[in-house]
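# Notes for the structure review
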Amino acid sequence: MKKFMGENFLLNTDTAKTLYHHYAAKMPIIDYHCHISPKEIYEDLRFENITRAWLGGDHYKWRLIRACGVPEKYITGDASDKEKFLKFAECLPRAIGNPVYHWCHLELKTYFKFDKPLNADTAEECWEHCNRILKKPEFSVRGLIKQSNVVLIGTTDDPIDSLEWHEKIKQDASIKVKVVPSYRPDKAINIDKEGFVEYIGKLAVAADISITDFASLKAAISKTLEKFVALGCKASDHGIEGIPFVQATEEKVDEIFKRALTGSFICHQEADEYKTAVLMHLAKEYHKHDIAMQLHYSALRNNNTRMFKQLGPDTGYDAIATVSCVANIAAFLNALELSDQLPKTILYSLNGVDNEVLAVIAGCFQGEGVRSKIQHGSAWWFNDTKLGMIEQMSTLADVGVLGNFIGMLTDSRSFLSYPRHAYFRRILCELIGNWVENGEYPDDMKQLGELVQDISYNNAREYFNLNI
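Structural notes, computed from the coordinates. (Residues numbered from 1 in each chain as written. Predicted model: local features only at pLDDT ≥ 70, side-chain atom pairs only at ≥ 80, totals over all residues. Heavy atoms only, no water.)

Here we come to the overall build of the protein chain. Along its length, the protein chain carries 20 helices and 9 strands. For 468 residues, the compact-globule estimate of 2.2 N^0.38 gives 23 Å, and the C-alpha radius of gyration of the protein chain, at 23 Å, lies within 12% of that figure. Judged by the C-alpha coordinates and their principal axes, the protein chain covers about 70 × 55 × 45 Å. Evaluated residue by residue, the protein chain yields a buried proportion of 55% over its 468 residues. Here the analysis covers contacts within the protein chain between residues at least 6 apart in sequence; of these, 77% occur between residues at least 24 apart. Surface accessibility of the protein chain: about 20300 Å² in total, with carbon and sulfur atoms responsible for 50%. (Helix = DSSP H or I, 4+ residues; strand = E, 2+ residues; numbered from the N terminus. Rg over C-alpha atoms; globule rule 2.2 N^0.38 Å. Buried < 20%, exposed > 50% of the residue type's maximum accessible area, 1.4 Å probe, protein only. Contact = heavy atoms within 4.5 Å. Areas by Shrake-Rupley, 256 points an atom, 1.4 Å probe, with all protein chains shown as cover.)

Written as structure tokens, this is what we have:
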């Protein structure tokens, strides 16, 4: 029996062990998509205790605790931080097979050298131990980033954000990690969502442009994007229910937008015509500035209305949707290809059944000079599991080119989540190791080592044109 969380955790073949320990483990981390705060990086935040560092804002862990019937006061409510930690520790052993169980113990071992399983019996000891460790100088936010060997962080930022913290980070020579904003313009796209008109007003202020028609909206988008570019933006991010593609004339889109600004009803067809036009404009701007376009779709959000009203979005009440938009994706990419304005694009579906079609569609629109210009993105959110990663990478290998894959991202709000990269790299090495030892690929350790290091780090550095 293998030791729990031993040095060969998830590694079963000799090839996998060699690939991970000698090649993958030492590679730096490019976290090209996450939700951590640039303000906390600049201020070099220190956490009061392990609950603040580890449980705050983590909807993966919140869902786990809720599934155990724990009252909300111990999750997002007014219970003490220690009470919240003890409740989580009590629930965690029930999550056998869940990636959160693995992540938690990797994080405890990596940062705090706590080797015992976390449960009700060890919770008090773990609480005291981790809180002592967090007082050490190297456990500030920047210290955790340095310990994790992170060289680039791509945060997620709204076009109306001031980006003041990014500007301060850029001017502070003591901050060694490169921190860049990523452009997230969802609220300017969602013409059929509540608050759209108010948001356009805020966008007008941010861009210092009076937005009265579709032309001025596009000008405002372009102007705010330029501010992101000046601060090193390498990617955009779009979280949309499904990717539309319903083309309309500029005059028709202008008429739809003007009616929306008056609060008039916009039907589904009109909303898709508007969204298509905005996405087309954005994609062309991304191509112009060499920004990668990330498209995340098929999330069914805020399903528990009562809890949404109480806690707001991103609190653990989202699910997987079944969205049929494969033809739309192909048509969208093709329209941009026709005008030679197709940007580097990363496709993610929250529904794992889309893995194969996305990997195949990506192969239809590759471009000269870029390895896998169109990427099938890493296993996302509910698919960010051992099985989900294996399925995503196996599918990509089946119908695409796994060696060109830009690899893992945290998509996290926690500065303690970087061991997820180690989790991914172990799974990658085990997958490749099995193929080699089954005689499906040559036992050429030089070639294999290069492949693993490319997927772990080098491909992302090249794809995003990073000078690091």
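Attention now goes to the pairing of strand β2 (residues 150–154). The element β2 is extensively covered by neighbouring structure, given that 4 of its 5 residues are classed as buried. Sheet analysis places strand β1 (residues 29–31) next to β2, joined by 3 bridges and oriented parallel. Bridged to D31 within β2 is I153. Relative to strand β3 (residues 178–180), β2 runs parallel, the two sharing 3 bridges. (Pairing = 2+ DSSP bridges.)

If you add up the space inside the second largest pocket, you get close to 460 Å³. Lining the second largest pocket are 21 residues, with Y20, A25, T110, P419 and A422 positioned closest to its centre. At the level of secondary structure, the elements contributing two or more residues to the lining of the second largest pocket comprise α1 (14–24), α6 (99–112) and α19 (419–437). A per-element tally of the lining of the second largest pocket places α19 first, with 5 residues. A per-class count over the lining of the second largest pocket returns 11 nonpolar, 6 polar and 4 charged. (1 Å grid on protein atoms, 1.4 Å probe; cavity = no way out; pocket = protein on both sides within 12 Å on 5 of 7 lines; lining within 4 Å. Points joined across faces, edges and corners; volume = space filled by probe spheres on them. Nonpolar A, V, L, I, M, F, W, Y, C, P; charged D, E, K, R; others polar.)

Let us look at the packing of helix α12 (residues 214–230) against helix α13 (residues 250–261). The contact between α12 and α13 brings their axes to 8 Å, and the two run at 85 degrees. One element, α12, and the other, α13, form an angle in the roughly perpendicular class. The segment α12 lies against α13, with F214, L217 and K218 engaging E250, V253, D254 and F257. Within the contact of α12 with α13, the residues separate by chemical class into 4 nonpolar, no polar and 3 charged. (Axes fitted to C-alpha atoms, helices over the stretch in contact; angles between N-to-C directions. Parallel < 35°, antiparallel > 145°, perpendicular 65-115°, else oblique.)

Another point: the pattern of salt bridges. Should the charged atoms of two oppositely charged side chains come close, the side chains can pair. Here the structure, examined in full by the defined rule, presents 24 salt bridges. The residue K39 makes a salt bridge to E43 at a minimum N-O spacing of 3.1 Å. Exposure remark for K39: the relative accessible area of 35% places this residue in the partly exposed category. Of the residues examined, E43 reaches a relative accessible area of 43% and is grouped as partly exposed. Taking the shortest distance from any N to any O, the salt bridge between E250 and K218 comes out at 2.8 Å. A residue pair is termed long-range when its members are at least 10 positions apart, and E250 in helix α13 and K218 in helix α12 qualify at 32 residues. Here E250 falls in the partly exposed class, since its relative accessible area comes to 39%. (Salt bridge = Lys/Arg side-chain N within 4 Å of Asp/Glu carboxyl O.)

The next subject is the environment of G449. Checked against the element boundaries, G449 lands in helix α20 (residues 445–463). Sequence separation between G449 and E128 is 321 residues, and the spatial gap between their C-alpha atoms is 40 Å.

Turning our eyes to something else, we now look at the pairing of strand β5 (residues 292–297). With respect to burial, β5 is a largely interior element, 6 of its 6 residues being buried. Alternating residues of β5 divide into A292, Q294 and H296 and M293, L295 and Y297, and every residue in both groups is buried. Note: strand β4 (residues 235–240) against β5, 6 bridges, orientation parallel. Across the sheet, D237 pairs through a bridge with Q294, a residue of β5. Of the pairings in the sheet, the one linking β5 to strand β8 (residues 345–349) comprises 5 bridges and is parallel in character. Bridge pairing links Y297 to S349 in β8.

The terminal C-alpha atoms of helix α7 (residues 123–134), which comprises 12 residues, lie 16 Å apart, in line with the 16 Å expected from a rise of 1.5 Å per residue. All of the buried residues in α7 are A123, C126, W127, H129, C130, N131, I133 and L134. Of the surrounding elements, those touching the buried residues of α7 are α3 (50–54), α5 (81–91) and α6. (Expected span 1.5 Å × (residues − 1).)

All right, on to the packing of α6 against α7 then. The contact between α6 and α7 brings their axes to 11 Å, and the two run at 45 degrees. Taken as axis vectors, α6 and α7 run oblique relative to one another. Crossing hand, α6 versus α7: left-handed. Every residue of α7 that contacts α6 at L108, Y111 and F112 is listed here: C126, H129, C130, I133 and L134. Across the contact of α6 with α7, the residue classes break down as 7 nonpolar, 1 polar and no charged. (Left-handed = near helix turned anticlockwise from the far one by under 90°.)

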